[in-house]
Amino acid sequence: MAAPLHQLSAGLYLGAGLLAWAGMALRSGRLTRASVGVLAAGAALHLAALAVLHRAEPPPPLTDPAAALSFMAWIGTLAFLVLERRARLAGGAVLVAPMAFVGVFAAALRMPAVEPATFAGSGSW
């Protein structure tokens, strides 16, 4: 369940990057502000993905490269959102959103696959 959530959050990050790029190219403040909103939605979905990932049995350690990359992308996105809220630097989404996309997409590719439950050797039919 964590991998599809990571992929959805990567899609939101990509959409935020494209909106930010279009906002900068067209000099549209509305598109730039919308990109920050989509980036915030991606961060919220990413938080849900991390929560699902770390409730798995056994939870992956944060030293796992995929989990660490995903966590760093989330922390970087949160740091930008806090900075944007304080300093009104919405144009920074042009840099942050693609980097978050790359981090989460790469992490989603390396997520461990969930094994189906097997009952071999359990003594039941």
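Summarised in this report is the structure supplied together with it. Just so it is clear, the structure is predicted and the values come from calculations on it, not from any experiment. (Residues numbered from 1 in each chain as written. Predicted model: local features only at pLDDT ≥ 70, side-chain atom pairs only at ≥ 80, totals over all residues. Heavy atoms only, no water.)

## A few points about the environment of Q7
Part 1: Note on placement: Q7 falls in helix 1 (residues 2-26).
Part 2: On the basis of relative accessibility, which here comes to 47%, the residue Q7 falls in the partly exposed class.
Part 3: Taking the C-alpha atoms as reference points, Q7 and A49, 42 residues apart in sequence, are found 9.3 Å from one another. (Helix = DSSP H or I, 4+ residues; strand = E, 2+ residues; numbered from the N terminus. Buried < 20%, exposed > 50% of the residue type's maximum accessible area, 1.4 Å probe, protein only.)

## Focus on the side chain of S9
Part 1: Residue placement: S9 occurs in helix 1.
Part 2: When near neighbours in sequence (up to four residues on either side) are disregarded, S9 contacts G42, L45, H46 and V104. (Contact = heavy atoms within 4.5 Å.)

## Structural notes on helix 1
Part 1: The end-to-end C-alpha distance of helix 1 is 36 Å, a good match for the 36 Å that 25 residues give at a rise of 1.5 Å each.
Part 2: Buried residues along helix 1 sit against helix 2 (29-53), helix 3 (65-87) and helix 4 (93-110). (Expected span 1.5 Å × (residues − 1).)

## Considerations on helix 4
An α-helical turn contains 3.6 residues, so any two residues separated by three or four positions project in the same direction.
Part 1: Compared with the 26 Å implied by 1.5 Å per residue over 18 residues, the 25 Å span of helix 4 between its first and last C-alpha is a close match.
Part 2: On its buried face, helix 4 sits against helix 1, helix 2 and helix 3.

## Details of the nonpolar core
Part 1: The biggest cluster of nonpolar side chains holds 18 residues, and the ones touching the most others in it are Y13, L39, F80 and L81.
Part 2: At the level of elements, helix 1, helix 2, helix 3 and helix 4 are the ones that each hand at least two residues to this core.
Part 3: Residue contributions to this core peak at five residues, all from helix 4.
Part 4: Aside from chain neighbours lying at most four places away, what touches L81 is V36, L39, A40 and A43.
Part 5: With six residues, the next largest nonpolar core counts A2, L53, A67 and M111 among its residues. (Core = buried A, V, L, I, M, F, W, Y, C linked by side-chain atoms within 4.5 Å.)

Honestly, it's all geometry; don't read function into it.
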